[in-house]
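# Coordinate inspection notes
Each chain, letter by letter, is given below.
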Amino acid sequence: MVAWHTLGINEALQQLGSGPDGLTEEEAQTRLLKHGPNELKAAKKASALEMFLGQFSNVLVLILIIAGIVSGVIGFLDESDASFLERYSDTIVIGIIVFVNALIGFLQEYKAEKAIEALKKMVAPTAKVVRSGQLKSVPASSLVPGDVIVIETGDKVPADARLIEEFNLKVDEAPLTGESTPVGKLTGALRDEKLFIGDRKNLVYMGTNVAYGRCRAVVVATGMETSFGGIARDTQSIEAEQSPLQKELEHVGKFILYLILGICLLVFLLGVSRGTGALEMFLIGISLAVAAVPEGLPATVTIALALGVQRMAREHAIIRRLSSVETLGSTTVICSDKTGTLTQNKMTVQKLYVSGGELAVSGVGYEPVGEFVYWQGGEVHEKDIDMLLRIGMLCNDSRLYKECDEWRIAGDPTEGALVVAGEKRGISHSNLLAECPRIGEIPFDANRKRMTTVHKTAGGTMAHVKGAPDVILPLCDRILDNGRERDMTAKDRDEILRRNTGMASEALRVLAMAYRNLPENAAISAETVEKKLVFTGLAGMMDPPREDVPPAIEICKNAGIKVIIVTGDFDVTAKAVAQRIGLGDGLIVVKGLELDAMDDRRLRQVLEKNVIFARVSPENKLRVVSELKEMGHIVAVTGDGVNDAPALKKSDIGVAMGITGTDVSKEASSMVLTDDNFASIVNAVREGRNVYESIKKFLVYLFSSNMGEVVAVFFSMLMGLPLILSAIQILWINLATDLGPALALSVDPPDRDIMSRHPRHPKKRIIGRRMFARIMMIGLVIGVGTIATFQWQLNAGASIVKAQTMAFTVIVLFQLANVFNCRSEDKLVMRIGFFSNKYLWVAVITSFLMQAAVVHIGFLQDLFKLYPLGILDWVAAGVIALSVFVLDEARKIVLK
């Protein structure tokens, strides 16, 4: 690959077979056929049908489908006089559940995937090109290597190109490199082949924006061969991996499968050993196994995740993939971009220095609201401050405006920061420009490092100069001190340089301001104007951290989540931001070239420490994320630029910025923040952890309830008792009375200490030994209690139908009592708050009324073959059912 930045202009043109007059139309067409259109090829997306069918690939759903088919076969083989509904009720209901579950998941993901084709939207639709010496506008897609293009302020760069000539060109490369300020460009050759992409100042890149100036450049790469295209290709080549929740649910599915096979085999062997026919026992075993399947589990998980998506949306986080909700809760490391994520992405004047002392300027962003606080030095004269800010506003080509209730800057962000600072002081930029019209200027360029404008003022003609302090200071022989000009001393120069060094050490970008009164009709040139200047002061500015980021970082620390800054910006700036937001203790800064020189072993050692990465390439970011995942971490990556896309895609959960984020970064992400606020990630992590806890709760609830049914049916068969529960009754329990309370658990308030715990270990199973033991214990209590009730009724002389009705009612009430147990693994219900989840009470009362309706309403009695119960029967059933609540609360006390 040609290192274009190392070639001189003529070398580059010669290598491309081009010249100052560009290509001919014929040559351009020939090259277009060879290189193809200047477009980014989007990765093939799944169709709506493929997306819908993908919802059926879950192990739990497949088990349900198999259970439904088996139930249908058993119903078909049933030679009794049972009705169609009785024979095929399991199959019908399971089919409806599977379809509804798939529909919910499909609609959520389809809605998210309806985002525009991001990669194509980023490319400029037209370009100005020189062909056969004529300037013309052509579709950007028709550009080819060798074309000479013209770009100017406000244009989006249409292809990667080598500069031929430039006029004060500054390009905003933040989408590609993460650098927070526009980059000044030059035309000379650069000899270092290994320069970071942001330091190749004689190249411009597709997808970046011209902030200032204009240029001519020769196209060196188009389409997928551009730097932008390379990132897009890398992003597309990364295969999506299963989320931690998907892996866990697959494990749960296998657990259910093994449980079903175990039940079938055990029942079959026991029955055959007692002389029952093999076919009969096989069918009985299958029926019992179907009873063990928690039919409502897939739908409950899907709905819980969908509810989590809605709650996250209220917290400014839009989830593109349902499983990503829980992944956030498992996150152990957040790799965060700096510009626009941890910071405002809005240059802001933070400090001013005038003779007498320093001032701090409050306020963030472009809103012209803030205060000037004197905090170093002696008394500062008001006129000195005003003159400093007036120079900053007059020697300026930016403007401040309000659009859709948001303050914005048109022009260079650094100049915009000076305008905002003046407006905070109460100086109207528009009024000032009207009072002091510009009559001449000496533009900024990268070699001079300064800019001068000449204005008509009430006091006569005045030149206003701003630039790098080391450039402006030698041009000054006087200083403004308490509103008066005096000669500058060596002590003044030393103090100014000391202040400049102090601001620079805080990663502030420092500009010096000066002025000079000119004679009427004076010639305007650098030689005649930029000398004998009056030094006025310094302005230090930076892209400041968001105000709510430091508290969010503190929450992350308490939650055991490591935050690593990974940015394309300079190391000094990254370190300053890290220290401001609370990541400064024992901080190590690693630059991209240093990272390239590290082997994997050394990188792992560095990643164990408090580290940030600066001046990194997209490949560097991807390597950091990959290595963290290899170390066993669940990695979230935040970013807004094109350069973040590969790392976003590779991470366990990619978090893109909704406002400042490029469409490419959104396309690669799992989640989009609508307010671009790092603090919103912390709120989403809290929600993710709560969703995981909710899933654990209803796994315990559904499995222990189903285990109770299996124990009741299996042991009653073993004891030679009549059928304790019919198939339709089991289906009613699993769907009608279980589903509502299970869903209500998903809106249980999060534990107060949920963000004070360390993340769960990625390899820790959702159903561990302790949870399994609890499920078995509760299942045994429910099963044995149900059998005891059934036996008690038979011994008391009740009919089989009455005994079945009591057993059926007791097991439903058992499960309604059990739902309160499942709100916490170790906390007593009274400590959580008996009435803290109103939805749970609504669900329990609704399920109770539904059960009462089945028992007492005539046609439902006939359908379920039940007997009406008396008041004392209901009281007895309630007392028996409460035993499971009392026993589990006792278990919690013992554990304490």
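Structure's up top.
Residues numbered from 1 in each chain as written. Predicted model: local features only at pLDDT ≥ 70, side-chain atom pairs only at ≥ 80, totals over all residues. Heavy atoms only, no water.

## A closer look at the overall build of the protein chain
On a plain count of helices and strands, the protein chain comes out with 34 helices and 27 strands. Within the protein chain, the proportion of its 896 residues that are buried is 55%. In the protein chain, 72% of the contacts between residues at least 6 apart in sequence involve partners at least 24 apart. (Helix = DSSP H or I, 4+ residues; strand = E, 2+ residues; numbered from the N terminus. Buried < 20%, exposed > 50% of the residue type's maximum accessible area, 1.4 Å probe, protein only. Contact = heavy atoms within 4.5 Å.)

## Digging into the nonpolar core
Formed by 126 residues in total, the largest nonpolar core has its most connected members in Leu297, Phe535, Met671 and Phe678. Take this core: its biggest share by element is 17 residues, from helix H26 (residues 678-718). Dropping the residues within four chain positions of it, Phe678 is found in contact with Ile334, Ser336, Thr341, Leu342, Arg546, Val549, Ala552, Ile553, Cys556 and Val563. Residues Ala12, Ile164, Val625 and Ala647 belong to the second largest nonpolar core, which totals 47 residues. (Core = buried A, V, L, I, M, F, W, Y, C linked by side-chain atoms within 4.5 Å.)

## What to know about the pattern of salt bridges
In this structure the tally under the stated criterion is 49 salt bridges. Its salt-bridge partner being Asp397, residue Arg438 comes within 3.0 Å of it at the nearest N-O pair. With a gap of 41 residues between them, Arg438 in strand E15 (residues 438-442) and Asp397 in the loop between helix H13 (382-394) and strand E13 (399-403) connect regions that are remote in the sequence. Classification of Asp397 as partly exposed rests on a relative accessible area of 34%. With a closest N to O distance of 2.1 Å, Glu520 and Lys456 form a salt bridge. Residue Glu520 is located in the loop between strand E20 (509-518) and helix H18 (526-529), and its partner Lys456 is located in strand E16 (residues 450-457); the two are separated by 64 residues in the primary sequence. The class for Lys456 is partly exposed, based on a relative accessible area of 31%. (Salt bridge = Lys/Arg side-chain N within 4 Å of Asp/Glu carboxyl O.)

## Observations regarding the sheet that holds strand E25 (residues 635-639)
Strand-to-strand pairing in sheets goes through backbone hydrogen bonds, with the strands running parallel or antiparallel. Read across the open sheet, the 6 strands follow the order E8-E27-E26-E25-E9-E22; overall the sheet is mixed. Every other strand in the sheet has two partners, leaving strand E8 (317-319) and strand E22 (562-565) as the edge strands with one partner each. Here the strands of the sheet are splayed against their neighbours by 20 degrees on average, with no regard to which way each runs. In terms of strand pairing, strand E26 (residues 653-657) meets strand E27 (residues 671-673) through 3 bridges, oriented parallel. From the neighbouring strand, Val655 faces E27, where its bridge partner is Met671. In this fold helix H23 (residues 618-630) packs onto strand E9 (333-336), E22 and E25, with an angle of close to 165 degrees to the strand it touches most, E25. (Pairing = 2+ DSSP bridges. Axes fitted to C-alpha atoms, helices over the stretch in contact; angles between N-to-C directions.)

## A short note on the environment of Ala881
Relative to the helices and strands, Ala881 is located in helix H34 (residues 871-895). With relative accessibility at 3%, the residue Ala881 sits in the buried group. Between the alpha carbons of Ala881 and Val781 there is a distance of 9.5 Å; along the sequence they are 100 residues apart. When sequence neighbours within four positions are dropped, the list of residues in contact with Ala881 reads Val810, Leu813, Phe814 and Ala817.

## Thoughts on the packing of aromatic side chains
This structure, assessed with the given rule, holds 8 aromatic pairs. Seen in terms of ring centroids, Phe714 and Phe715 are 5.2 Å apart; in terms of plane orientation they differ by 75 degrees. Their pairing is edge-to-face. Overall, the relative accessible area of 35% leaves Phe715 in the partly exposed class. Ring geometry for Phe834 and Phe835: centres 5.8 Å apart, planes at 45 degrees, overall tilted. Using a relative accessible area of 64% as the deciding quantity, one classes Phe835 as exposed. Cluster of aromatic residues (ring-pair linked, three or more members): Phe820, Phe834, Phe835, Trp841 and Phe885. (Phe/Tyr/Trp six-rings, centres within 6.5 Å; stacked < 30°, edge-to-face > 60°.)

## Structural notes on the pairing of E9
On E9, burial covers both faces: Val333 and Cys335 on one face and Ile334 and Ser336 on the other are all buried. Here E9 runs beside E22; their pairing, made up of 4 bridges, is parallel. Paired with Ile334 across the bridge in E22 is Val563. As paired elements, E9 and E25 share 4 bridges and run parallel to each other. Bridge pairing links Val333 to Val635 in E25.

## Describing unusual backbone geometry
Even without being glycine, Cys404 reaches a positive phi, approximately 55 degrees. Its identity as a non-glycine residue notwithstanding, Asp676 has a phi of 55 degrees, on the positive side.

## Notes on a nonpolar patch on the surface
Taken together, the side chains of Phe84, Ile92, Ile96, Phe99, Val100 and Leu103 define a hydrophobic patch exposed on the protein surface, amounting to about 540 Å² of accessible area. The topology assignment puts Ile96 in helix H5 (residues 84-113). (Patch = residues over 30% accessible without salt bridge, like charges linked within 9 Å, V, L, I, M, F, W, Y side chains within 5 Å. Areas by Shrake-Rupley, 256 points an atom, 1.4 Å probe, with all protein chains shown as cover.)

## Some remarks on the pairing of strand E14 (residues 406-410)
Strand residues, when the strand is regular, have side chains that alternate between the two faces of the sheet. Direction of pairing for E13 relative to E14: antiparallel, over a ladder of 5 bridges. Within E14, the residue paired with Arg399 across the bridge is Ala410. Between E13 and the antiparallel strand that follows it, E14, lie 2 residues; Cys404 among them carries a positive phi value of about 55 degrees.

Such coordinate-based values are descriptive only and should not be taken to indicate function.
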